[in-house]
Amino acid sequence: MHAPAVDCRGVSVRFLSERRTVTALEDVSFSVEPGGFTSLLGPSGCGKSTLLRVVADLIPPSEGQMTVLGLSPEEARKARALGFVFQDAALLPWRTALQNVELPLEVGGRREMPQGAATPRELLALVGLAGWENSYPHELSGGMRQRVAIARALLGGPRLLLMDEPFGALDEITRDRLNEELRRIWAETGATILFVTHSVYEAVFLADQVLVLSANPGRVAALEAIDLPRDRDLSVRDTPAFVAIAARLRAQLGKGTH
Amino acid sequence: MTAITDPGLAATTREQSIRTAEEAFREEQRRKRLRQRVLPVIGIACLIGFWALLVYVLKVPTFVAPSPQLVAATLVDRFGVLMTNLLPTAIEAISGFLLGNLAAIIIATAFVHKKSLEQAFFPVVVLINTIPVVAKAPILVLLLGNGMEPKIAIAALICFFPTLVNMVRGLESVNPQSLELMRVLSASKSETFFKLRLPNAIPYLFSALKIAASTAVIGAIVGEWIGSTTGIGALIIQSTYNFDSAMLYATVIVGSAFSVLFFLTISLVERLVVRWQPANLH
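### Description of the overall build of chain A
Point 1. From N to C terminus, chain A includes eight helices and nine strands.
Point 2. Against the globule reference of 18 Å for 258 residues, chain A gives a C-alpha radius of gyration of 18 Å, in line with a compact fold.
Point 3. Along the three orthogonal principal directions, the C-alpha set of chain A runs to about 50 × 45 × 45 Å.
Point 4. Out of the 258 residues in chain A, the part that is buried amounts to 44%.
Point 5. Counting contacts in chain A only where the partners sit at least 6 residues apart, residues at least 24 apart contribute 70% of the total.

### Thoughts on the overall build of chain B
Point 1. For chain B, the count of helices and strands is ten helices and zero strands.
Point 2. Beginning at the N terminus, the succession of helices and strands in chain B can be written as α-α-α-α-α-α-α-α-α-α.
Point 3. Counting only C-alpha atoms and orienting by the principal axes, one finds that chain B spans roughly 90 × 70 × 30 Å.
Point 4. Every one of the 282 residues in chain B was classed for burial, and the buried ones make up 31%.
Point 5. Of the contacts made within chain B by residues no fewer than 6 positions apart, 77% connect residues no fewer than 24 positions apart.

### Let's talk about the sheet that holds strand β4 (residues 63–68) of chain A
All names here are of chain A.
Point 1. What the three strands build is an open sheet, ordered β2-β1-β4; its pairing is antiparallel. On the outer flanks of this sheet lie β2 (21–32) and β4, each paired with one strand and no other. Within this sheet the neighbouring strands show an average axis-to-axis angle of 25°, counted without direction.

### So, helix α4 (residues 115–130) of chain B
Point 1. Here α4(B) is 16 residues long and its end C-alpha atoms lie 23 Å apart, about the 22 Å a rise of 1.5 Å per residue gives.
Point 2. With respect to burial, α4(B) is a largely exposed element, only zero of its 16 residues being buried.

### Overview of the packing of helix α9 (residues 232–241) of chain B against helix α10 (residues 245–273) of chain B
Residue and element names in this part refer to chain B.
Point 1. Two numbers describe how α9 lies on α10: the axes approach to 8 Å, and their chain directions differ by 160°. The pairing of α9 with α10 is recorded here as roughly antiparallel in orientation. The way α9 lies across α10 gives a crossing that is left-handed. Taken together, the residues of α10 that come into contact with α9 (itself represented by I232, L235, I236, S239 and T240) are M247, L248, T251, V252, V254 and G255.
Point 2. Residue classes in the contact of α9 with α10 are distributed as seven nonpolar, four polar and no charged.

### Quick look at the interface of chain A and chain B
Point 1. Chain A puts 18 residues into the contact, and the matching count from chain B is 20 residues.
Point 2. Mapped by element, the contributors of at least two residues to the side of chain A that touches chain B are α2 (73–78) and β5 (82–85) of chain A.
Point 3. Across the side of chain A that touches chain B, the residue classes tally to twelve nonpolar, two polar and four charged.

### Let's talk about the sheet that holds β5(A)
Residues and elements named next belong to chain A.
Point 1. Overall, mixed pairing links the six strands, which are arranged β5-β6-β7-β3-β8-β9 in an open sheet. Among the strands making up the open sheet, the edge pair consists of β5 and β9 (219–225). Neighbour to neighbour, the strand axes of the sheet diverge by 15° on average, direction disregarded.
Point 2. Alignment of β5 against strand β6 (residues 160–164), held across four bridges, turns out to be parallel.

### Considerations on the confidence of the model for chain B
Atomic detail in the predicted coordinates should be set aside for any region of low pLDDT.
All names here are of chain B.
Point 1. When pLDDT is averaged along chain B, the result is 91; 96% of the residues meet or exceed 70.
Point 2. Within chain B, the lowest mean pLDDT, 86, falls on helix α5 (residues 133–144), and the highest, 96, falls on helix α3 (residues 79–113).
Point 3. Model confidence for the complex: the whole-complex pTM is 0.83, and ipTM, which rates the interface, is 0.91.

### Some remarks on helix α1 (residues 48–55) of chain A
All names here are of chain A.
Point 1. α1 sits mainly inside the fold: eight of its eight residues count as buried.
Point 2. Along α1, the residues classified as buried are K48, S49, T50, L51, L52, R53, V54 and V55.
Point 3. Immediately downstream of α1, the backbone of D57 shows phi near 65°, a positive value.

### As for the environment of V85(A)
Residue and element names in this part refer to chain A.
Point 1. For V85, the location among the structural elements is in strand β5.
Point 2. Sequence separation between V85 and F195 is 110 residues; the distance between their C-alpha atoms is 9.4 Å.
Point 3. Beyond its immediate sequence surroundings of up to four residues, V85 is in contact with A149, I150, A153, M163, D164 and P166.

### Concerning unusual backbone geometry
Residue and element names in this part refer to chain A.
Point 1. The amide bond that connects N216 to the next residue, P217, takes the cis arrangement and shows omega of -10°.
Point 2. Secondary-structure assignment places P217 in the loop between β8 (209–214) and β9.
Point 3. Here L69, not a glycine, exhibits a phi torsion of approximately 55°, which is positive.
Point 4. Its location among the elements puts L69 in the loop between β4 and α2.
Point 5. Its identity is not glycine, yet N216 carries a phi of approximately 50°, on the positive side.
Point 6. Locating N216 in the fold gives a position in the loop between β8 and β9.

### Here's the deal with the environment of K114(B)
Residue and element names in this part refer to chain B.
Point 1. Along the chain, K114 turns up in the loop between α3 and α4.
Point 2. When the 11 C-beta atoms within 10 Å are taken as the criterion, K114 is described as exposed.
Point 3. Each C-alpha atom, one on K114 and one on L268, is 33 Å from the other, the two residues being 154 residues apart in sequence.

### Some thoughts on the nonpolar core
A general feature of soluble globular proteins is that nonpolar side chains tend to end up buried together.
Point 1. Within the largest apolar cluster, 81 residues are counted, with the highest numbers of intra-cluster contacts made by V55(A), L160(A), L162(A) and L194(A).
Point 2. Take this core: its biggest share by element is six residues, from helix α5 (residues 142–154) of chain A.
Point 3. Here L162(A) is in contact with L52(A), V55(A), A56(A), L82(A), G83(A), F84(A) and L194(A), once residues within four sequence places are set aside.
Point 4. Formed by 48 residues, the second largest nonpolar core is a distinct cluster that contains F97(B), A108(B), A137(B) and A208(B).

### Remarks on the pairing of strand β1 (residues 6–16) of chain A
In summary, the side chains of a regular strand alternate between the two faces of the sheet.
Residue and element names in this part refer to chain A.
Point 1. The sheet contact formed by β1 and β2 spans eight bridges and is antiparallel. Following the sheet pairing, V13 is matched in β2 by L25.
Point 2. The hairpin formed by β1 and β2 contains four residues between the paired strands.
Point 3. Across five bridges, β1 lies against β4 in antiparallel orientation. In the strand pairing of β4, D7 is matched with T67.

What counts, and at which threshold
- Residues numbered from 1 in each chain as written.
- Chains lettered and ligands numbered in written order.
- Predicted model: local features only at pLDDT ≥ 70, side-chain atom pairs only at ≥ 80, totals over all residues.
- Helix = DSSP H or I, 4+ residues; strand = E, 2+ residues; numbered from the N terminus.
- Rg over C-alpha atoms; globule rule 2.2 N^0.38 Å.
- Buried ≥ 20, exposed ≤ 12 C-beta atoms within 10 Å, placed from the backbone.
- Contact = placed C-beta atoms within 7 Å.
- Pairing = 2+ DSSP bridges.
- Axes fitted to C-alpha atoms, helices over the stretch in contact; angles between N-to-C directions.
- Expected span 1.5 Å × (residues − 1).
- Parallel < 35°, antiparallel > 145°, perpendicular 65-115°, else oblique.
- Left-handed = near helix turned anticlockwise from the far one by under 90°.
- Nonpolar A, V, L, I, M, F, W, Y, C, P; charged D, E, K, R; others polar.
- pLDDT = per-residue confidence, 0-100.
- Core = buried A, V, L, I, M, F, W, Y, C linked by C-beta atoms within 7 Å.

What follows is the structure, given as structure tokens:
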């Protein structure tokens, strides 16, 4: 049996408040193959971050079924099968880069590293921060902080990496470089990645599957397989194939907006 | 205009001009640092000079206001008396500081853990805080007698409120994404408290402790105004009644100096403990 890494069936999320009820997601269904890289693309307010939080067991679905690595989101979270990278790096400012990466070993009753998993130092080297172990977050640039956050999310070798617009606040040059590095990290770790973004270019460059969400309420507008070479660098963005896919997705995004 | 044709010569000239600029910059920095130290001293000297001038020109009688020279002489001559009176005040202020802040930290922790506790008792705390210190003092003297206890209690009460408010804020104003991170990591409530909330509150705690360092001394002194025979507060009352203005001023200076020392100690500890920049400064 070839179970999907994420299987989402008819998931709706509603937020209740005194004034009104907001439907963030309505009847969303999709699945992600193990080892796949899926981008969740949509305008702001389409519920893509909410969808990621349903996968991570941070928000319960109002309706529908979410299966993560064959488990419920809660079981997957407790088994430390997921890593989460937030929009702002969410590093603890009183800890050095290395201590931030080590945090998962100090909480949640999980002091042992799984057999063969990369050590915190190795993970910092993997994200290109060898030599920065003892720096505090305020001494690092925005891009470096986000690298530390990725290393922390990779600790313990999670099978699913959830990323919520991790490069959204970075400048374009840094973002491009981190995009390339993320492809490399994905290839090296073999983890399944679910990546939220509102950039069409980022979504297409990174993923092998793009899920387009429309806003108000968040629904699946399109699911597009990205047929680009697996071994790609940034120059792929200038190829006709890439431009055609990006144009198609942008048209899909345009449909949903009023 | 003559162009420099030799590239080697051009490089040396550039290096030289960089070095000259660097030296000028460093000289400027040195001067700035010196100015920062000297200017406050000049300010205080001006104040004392103006005071001396006023007393001399207006021929102010000594029982109204002393000249600075007289105060300085009193500080030296009666140094022993001043120090024996500083000791009880210092003990009261420091004990009150420790007690009040410890209670504030514990209660803030309880408030953050149980919201209903905060809702029930925070208004009580605010109510007690609205009573002026001079009104609290007699109540506590009646309750606790004439020893050091009421003074410690007043110093503790005066420290308590700012620390409680700051501590609650520090424990609660945690980055929401960090809280989500703790949840993704399945951290327990106590792990989230010790790994996230408590360290997050430390800078907030220190800004409260710096306020408390000076207010604790004020609390102890005000406590000594009511039925006390020793301490800086008692000395202030005695010298006022004796029209011993020089002694009054000397006592005030000793009390202030202790306050400043206390404040500086807390600032030093803060600098040693808080080596990071709070997240909201990013």
